[in-house]
Every structure is written in structure tokens, then in C-alpha cells.
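# Notes for the structure review
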Amino acid sequence: MVIATMCGEPAYMRRCGAGRDDGMVELAFLVLSETVESRTGSGGQAQPVIVNPLTMIQPKYIPGQFSFAITGGVRYDHVNDISEGVSLSISDPNGAVISSGPPMPPPEDPSGEKSIGLVFSIIATNIDMASAGRYTVTARVGDSELGHLDILVKERGEA
């Protein structure tokens, strides 16, 4: 059973965009993993390497502080009209935001126009998880939700 989902489907099976009528920004994917590393790809650009993709977080004891990585991809349809960046937040099972970060602005391409895509990775460090349950990573542009990734957190050995 796949627990980590995006927009109600297993994250590896479905790409979706949500929350925007203008079609300008679309969430391509979100992936939960143990960590992410950077390597230099062809052309000298840094590329994320997802290490140990996870379907849930299963520590020995809860509550606690836990670290994990989120890698995502966003597509921009009208690159000249983009001014808002993508931000992520993490909510507990009750819906309270327990961690959030500033918006990641769309990257500039060499011609000076906004790029049509953004792949990002964050390492969430020492996130307080007070109870077992379903936590949610939400991707937003401004006040519009692009999509989310549900993460089941349960103690090792728990049924």
C-alpha cells in the first residue's frame, strides 16, 4: 500500500495541477525521501539525486524531531507573466502548520526570461512531530494551492 500521495493518487503515478484557473503554474511532482544529494549533470548544472524514497516516516519513538527531504517539480506555462514563487508548508494531522519556508522564485534563464520549469529539493531538519498520523506537505503559489503530499507517520511496529 502506498501511503505518500499527491492529489489523492500515489505520487509516482500521477502528475497534477490544482488551485489555479489560469493554467500558469502546475505541480508536476512531489517526492518524500530520506535525503537528497546534488550531483553535477551534463552542462555543469546541479541535479538532485533522491536518496531512499519513502512511502511513510516510521521512527522508533513518537513524539520526536525528524528530518527528511522533499523534492518537487513545477511547470510554468506563461513564463513572462510569472512573479510569484512556490512555497512549501508542513501541517500536522490537525491541520496546524508546523513548518514553512519562504517562496522559491522562478529561476531566470540565460535569455533573461523566466524559465518554464523548476525542480527543487529541500531538506526538512528537526521537524517536531508530536503524534502519529497523516502530515501534509502543501505546495502553494501565493494563496493558491498547487497540490500536496500526504505523509503517514507511525511508530515502528505499529499496525
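Right, let's walk through the structure included here. (Residues numbered from 1 in each chain as written. Predicted model: local features only at pLDDT ≥ 70, side-chain atom pairs only at ≥ 80, totals over all residues. Heavy atoms only, no water.)

### Quick look at the nonpolar core
Generally speaking, nonpolar side chains in soluble globular proteins are found buried as a group. Ranked by size, the top nonpolar core spans 29 residues in total, and within it Phe68, Ile70, Val86 and Ile151 carry the most contacts. Elements supplying a minimum of two residues to this core: strand E3 (25-40), strand E6 (64-76), strand E7 (86-91), strand E9 (117-129), strand E10 (133-141) and strand E11 (144-153). The contact partners of Phe68, leaving out residues within four places of it in the chain, are Leu32, Ser33, Glu34, Ile57, Ile90, Ile122, Ile123, Ala124, Ile127, Met129 and Ile151. (Core = buried A, V, L, I, M, F, W, Y, C linked by side-chain atoms within 4.5 Å. Buried < 20%, exposed > 50% of the residue type's maximum accessible area, 1.4 Å probe, protein only. Helix = DSSP H or I, 4+ residues; strand = E, 2+ residues; numbered from the N terminus. Contact = heavy atoms within 4.5 Å.)

### With respect to the sheet that holds E6
Taking strand neighbours across the sheet as the criterion, the 4 strands line up as E4-E3-E6-E9 in an open arrangement whose pairing is antiparallel. Unpaired on one side and paired on the other, strand E4 (46-53) and E9 mark the two borders of the sheet. On average, each strand axis in the sheet is inclined to that of its neighbour by 50°, with strand direction left out of account. Sheet topology places E3 next to E4; 7 bridges connect them, and they run antiparallel. Considered in E4, the bridge of Ser33 is made with Pro53. (Pairing = 2+ DSSP bridges. Axes fitted to C-alpha atoms, helices over the stretch in contact; angles between N-to-C directions.)

### Structural notes on unusual backbone geometry
Each neighbour pair has its own omega, and for Ile62 with Pro63 the value is 10°, a cis peptide bond. Looking at the element boundaries, Pro63 is found in the loop between strand E5 (56-57) and E6. Even without being a glycine, Asn52 presents a positive backbone phi close to 55°. Within the secondary structure layout, Asn52 lies in strand E4. Relative accessible area serves as the criterion here: at 38%, Asn52 is assigned to the partly exposed category. Here Asn126, not a glycine, exhibits a phi torsion of approximately 50°, which is positive. Residue position: Asn126 is located in strand E9.

None of this, on its own, says anything about what the molecule does.
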